[in-house]
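Architecture and fold: a report
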Amino acid sequence: MDADIVVIGGGPAGMAAARAGAEEGARVLLVEKCGFLGGSLTASLVGTIGGLFLKDGEAIDYVVGGLARECAETLKERGQAFGPVPWEQTAVLPHVPWGLKKLYDEWSESASGLELLLQACLCGVTVEGRCVSTLRVLTRGGERDVKARTFVDASGDGDLAYMAGASMEGSPVQFPSMNFYMHNVNVGEALGAGLATLQTLIGDALETGEYDLPRSGGAVIPTMRPGEVIVAMGRISLQGRPVDCTNAEELTYAELEGRRQAVVLAGFLREKMPGFGEAYLADTPCRVGIRSTRRLVGRYVLTRGDVLEAADFPDGICHSAWPVELHAEGKVTVLEFPPPGKSYTVPFGCLLPQEVDNLLVAGRCLSATPEGQASARVSATCMAMGEAAGVAAAMASREDGDVCALDSEDLRARLMERGAIL
Ligand SMILES: Cc1cc2nc3c(=O)[nH]c(=O)nc-3n(C[C@H](O)[C@H](O)[C@H](O)COP(=O)(O)OP(=O)(O)OC[C@H]3O[C@@H](n4cnc5c(N)ncnc54)[C@H](O)[C@@H]3O)c2cc1C
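Residues numbered from 1 in each chain as written. Predicted model: local features only at pLDDT ≥ 70, side-chain atom pairs only at ≥ 80, totals over all residues.

1. Some words on the overall build of the protein chain
Applied cut-off: Put simply, DSSP H or I for four residues or longer makes a helix, DSSP E for two residues or longer makes a strand, and each gets a number counted from the N terminus. Taken over C-alpha atoms, the radius of gyration is set against a globule rule of 2.2 Å times the number of residues to the power 0.38. In this description, a residue-residue contact is defined by the distance between C-beta atoms placed from the backbone, which must lie within 7 Å.
The number of helices and strands found in the protein chain is 11 helices and 24 strands. Its C-alpha radius of gyration of 21 Å places the protein chain within 12% of the 22 Å reference for a compact globule of 422 residues. Taking the principal axes of its C-alpha atoms as reference, the protein chain extends roughly 60 × 50 × 40 Å. Considering only contacts in the protein chain between residues 6 or more positions apart, those separated by 24 or more positions represent 75%.

2. Thoughts on the pairing of strand 10 (residues 131–139)
Residues in a regular strand point their side chains to alternate faces of the sheet. Our working definition: Think of it this way: DSSP has to see at least two bridges between two strands before they count as a pair.
Strand direction decides the pairing type here: strand 9 (residues 121–128) and strand 10, joined by 7 bridges, are antiparallel. Residue pairing across strands places Leu122 opposite Val137, the latter belonging to strand 10. Between strand 9 and strand 10, which follow one another and run antiparallel, lie 2 residues, and Gly129 among them has a positive phi close to 65°. For strand 10 and strand 11 (residues 142–153), the ladder comprises 6 bridges, and the chain directions are antiparallel. Opposite Thr139, over in strand 11, you have Gly142 as the bridge partner. The antiparallel hairpin formed by strand 10 and strand 11 contains 2 residues in its connecting segment.

3. Some remarks on the domain arrangement of the protein chain
The parts lose accessible area when they come together, and the size of an interface is often stated as this lost area. Convention followed: The start and end points of each domain follow an automatic or database-based domain assignment. Any residue outside Ala, Val, Leu, Ile, Met, Phe, Trp, Tyr, Cys, Pro, Asp, Glu, Lys and Arg is labelled polar, Gly included; the first ten of those are nonpolar and the last four are charged.
We note that the domain assignment places domain 1 (3–172 + 292–417) and domain 2 (180–283) within the protein chain. The straight-line distance from the C-alpha centre of domain 1 to that of domain 2 is 28 Å. With 15 residues of domain 1 in contact, the opposing surface of domain 2 contributes 17 residues. Within the residue set of the side of domain 1 that touches domain 2, elements represented by two or more residues are strand 21 (324–329) and strand 22 (332–336). Of the residues in the side of domain 1 that touches domain 2, the class split is 6 nonpolar, 6 polar and 3 charged.

4. Here's the deal with the sheet that holds strand 15 (residues 229–232)
As a reminder, the rule being used: Note on method: axes are straight lines fitted to C-alpha atoms, helices fitted across the in-contact stretch only, with angles between N-to-C directions ranging 0 to 180 degrees.
Here we have 4 strands laid out as an open sheet, ordered 14-15-13-18, and antiparallel in their pairing. With one partner strand each, in any of the chains shown, strand 14 (219–222) and strand 18 (280–283) form the two edges of the open sheet. Taking each pair of neighbouring strands and ignoring which way they run, the sheet shows an average axis angle of 40°. Here strand 13 (residues 180–183) runs beside strand 18; their pairing, made up of 3 bridges, is antiparallel. In the strand pairing of strand 18, His183 is matched with Tyr280.

5. Quick notes on the packing of helix 10 (residues 379–397) against helix 11 (residues 408–417)
Counted only if it meets this: We call two directions roughly parallel when the angle between them is under 35 degrees, roughly antiparallel when it is over 145, roughly perpendicular when it lies between 65 and 115, and oblique otherwise. When the near helix sits turned anticlockwise from the far one by under a right angle, the crossing is termed left-handed; a clockwise turn instead gives a right-handed crossing.
At a minimum axis separation of 10 Å, helix 10 and helix 11 run at an interaxial angle of 120°. Classified by the interaxial angle, the pair formed by helix 10 and helix 11 is oblique. Between helix 10 and helix 11 the crossing geometry is right-handed. Touching Ala388, Val391, Ala392 and Met395 of helix 10 are Asp410, Leu411, Arg414 and Leu415, all from helix 11. For the contact of helix 10 with helix 11, the residue count by class is 6 nonpolar, no polar and 2 charged.

6. With respect to the environment of Pro339
Put simply, the rule reads: Counting other C-beta atoms within 10 Å of its own, a residue is labelled buried from 20 upward, exposed at 12 or fewer, and partly exposed in the gap between, with every C-beta atom placed from the backbone.
In this fold, Pro339 is placed in the loop between strand 22 and strand 23 (344–347). On the basis of neighbour counts, which here come to 12 C-beta atoms within 10 Å, the residue Pro339 falls in the exposed class. Taking the C-alpha atoms as reference points, Pro339 and Ala321, separated by 18 residues in sequence, lie 9.0 Å from one another.

7. So, helix 11
Rules: Within this analysis, the arc is defined by the directions that extend from the helix axis to the C-beta atoms.
All of the buried residues in helix 11 are Leu411, Arg412 and Leu415. Burial along helix 11 is one-sided: seen end-on, the buried residues are contained in an arc of 95°. Every exposed residue of helix 11 that faces more than 90 degrees away from the buried side is listed here: Glu409, Asp410, Ala413 and Glu417. Next to the buried residues of helix 11 lie helix 3 (66–77), strand 20 (316–320) and helix 10. One or two steps after helix 11, the chain reaches Gly419, where phi turns positive at roughly 105°.

8. Remarks on the sheet that holds strand 6 (residues 85–87)
Pairing within the open sheet is antiparallel, and its 3 strands lie in the order 3-7-6. The open sheet has two edge strands with one neighbour each: strand 3 (48–49) and strand 6. Sheet analysis places strand 6 next to strand 7 (residues 90–94), joined by 3 bridges and oriented antiparallel. Of the residues in strand 7, the one forming a bridge with Trp87 is Thr90.

Now the structure itself:
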């Protein structure tokens, strides 16, 4: 064995899985195709960490603990995140993507037993019976085979589970978006008068057709660095439908279209939005932001009803109070919240494929309907799922690697000892 556990993908789910697995005593190999960690939070400039908090009236408190909370607290201590900032019936934590990128470097270097392979992409899987035996990874030095006892798919797109033959669903998906940086913003003015009028300005522009705006809402998110905001107003469609980001040609189109939209949106903000008169488009991220592609069809499929009824599962591995946030039709984003002050749990069964015994799936490719995924996909929930997957993988790799044979009560007990809120 090259490792006890191989984790594919170093986004919020994969980083948490790798660190948790290593902290539980396993030898972990974390494979990430970018040159840095953080997934959508860093590679696609997602401006806030969502899913951390439960809002009950005016009171706001953490709804996830463990590594997600540690991540939030560390970024706040370093001045690289602030909040909670109330948003609709929940709250978010705006952050500086660079801060998270550096923190995840530190996490990967400080966890003993964790080996990191960057700029390395999973490209093949060998399955023997009901188990994954070997992964093929494309590195700059060529292809190499990697063997382990247990595997975690945190690729966001379910690459490993799909290649291993697990049942997946890919449709309908949500629109991808290209967020981008603007600099030289008068943030005080923008946050004061500006934010209140942004929705009105967007509505007016859509009505007059003066600007080709892709979405009827959106946000400008301050990073708290002088003059800097992240603009989240894009929406990339192809003939009116969401782009399929597992299709090479459509993904290429999405990258180009995302940058075209960034120019239009920056021009609109400069001309219309208070505080943006002298601002400029500083850069787009290295990759378009993908909300959903493939979803596992696992041992349990999380539904819209589970979110809206605040379902509490006996094998729950984390809580979430995030709404069903659907970017799936036209220019509108639909939000549906759990009952006020309530959260649902994500059951362990959402991480388990039906057909493969030594594989866990964590993050936005979890087993869920499109609506269930539209809630559970936010980054703090992905971190909590990843932590649970890493702990479960470590427990299983001490035996024969079969994650389905684990007692979920043992897993929950260990997660609570680690600080999870269950
Ligand atoms: C535009 C946009 C705005 C959003 N806004 C918010 C927000 O405000 N707050 C919030 O909390 N969430 C937001 N989200 C959602 C959230 O960012 C993601 O759902 C979350 O980051 C998913 O985490 P993940 O770890 O499952 O996947 P990802 O973050 O997608 O990470 C997957 C990682 O796997 C790697 N990978 C993929 N395939 C392979 C492979 N074959 N081999 C090796 N590595 C691979 C990728 O490079 C990536 O680093 C937003 C998403 C988008 C697209």
